[in-house]
Amino acid sequence: VAGVSIATDACTQSKLSSALQLVQDDDQIIIDWKSTDGSWVQLDAATVTAIARAVGLHVQACFTRERAIHTAINDAADHDDLDDINISTGWPT
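Residues numbered from 1 in each chain as written. Predicted model: local features only at pLDDT ≥ 70, side-chain atom pairs only at ≥ 80, totals over all residues. Heavy atoms only, no water.

Before going further, it helps to examine the nonpolar core. Core analysis: the largest hydrophobic core is formed by 13 residues, its most contacted members being Ile6, Ile31, Trp33, Leu43 and Ile51. Of all elements in the fold, only α1 (10-25), β1 (31-34) and α2 (45-75) reach the threshold of two or more residues within this core. Residues in contact with Trp33, not counting those within four places in the same chain, are Val4, Ile6, Thr12, Lys15, Leu16, Ala19, Ser39, Trp40, Val41 and Leu43. (Core = buried A, V, L, I, M, F, W, Y, C linked by side-chain atoms within 4.5 Å. Buried < 20%, exposed > 50% of the residue type's maximum accessible area, 1.4 Å probe, protein only. Helix = DSSP H or I, 4+ residues; strand = E, 2+ residues; numbered from the N terminus. Contact = heavy atoms within 4.5 Å.)

Structure follows, in structure tokens:
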């Protein structure tokens with residue numbers, strides 16, 4: 001997002017939530033952020049907000065795909081139906 005590589009794991013989501021709260025309280029704060037490649041960037045309020053939104057939407061899309069797979073597995077009538085479920089496709093990029 002905005003040239004910054006961001007992880008989407010639970011720890012990063014928590015850090016993003018904290019950063020988002022900070023910039024919502026004071027939109028002049030600049031956040032020092034360590035990207036996934038180890039480099040440091042400074043993020044303004046608009047960029048923090050964009051990153052938090054992008055990560056949130058990505059994580060939600062992953063849950064939506066997981067739910068679809070879960071449903072397909074539960075609805076499978078037999079092994080042939082299970083074999084037809086492709087768990088490798090449909091994930092967000």
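Here we come to the pairing of β1. Alternating positions in β1 separate cleanly, Ile31 and Trp33 being buried on one face and Asp32 and Lys34 remaining unburied on the opposite face. Counted along the chain from β1 to the antiparallel partner strand β2 (residues 40-43), the turn is five residues long, and its residue Gly38 has a positive phi close to 90°. (Pairing = 2+ DSSP bridges.)

Residue position: Trp33 is located in strand β1. Relative accessible area serves as the criterion here: at 9%, Trp33 is assigned to the buried category. Linking Trp33 and Leu20, residues 13 residues apart in sequence, is a C-alpha distance of 12 Å.

What follows concerns α2. The end-to-end C-alpha separation of α2 is 45 Å, in line with the 45 Å expected for 31 residues at 1.5 Å each. What α2 keeps buried is the set Ala45, Thr47, Val48, Ile51, Ala52, Val55, Val59, Arg65 and Ile69. Looking at the buried side of α2, the elements it contacts are α1, β1 and β2. (Expected span 1.5 Å × (residues − 1).)

Glancing now at the packing of α1 against α2. Running from N to C, α1 and α2 cross one another at 145°; their axes reach a closest spacing of 9 Å. The interaxial crossing formed by α1 with α2 has left-handed handedness. Listed contacts from α2 to Gln13, Leu16, Ala19, Leu20 and Val23 of α1 are Ala45, Val48, Thr49, Ile51, Ala52, Val55 and Val59. Of the residues in the contact of α1 with α2, the class split is 10 nonpolar, two polar and no charged. (Axes fitted to C-alpha atoms, helices over the stretch in contact; angles between N-to-C directions. Left-handed = near helix turned anticlockwise from the far one by under 90°. Nonpolar A, V, L, I, M, F, W, Y, C, P; charged D, E, K, R; others polar.)

What follows concerns the pairing of β2. As paired elements, β1 and β2 share four bridges and run antiparallel to each other. Counted as the bridge partner of Asp32 is Gln42 from β2.

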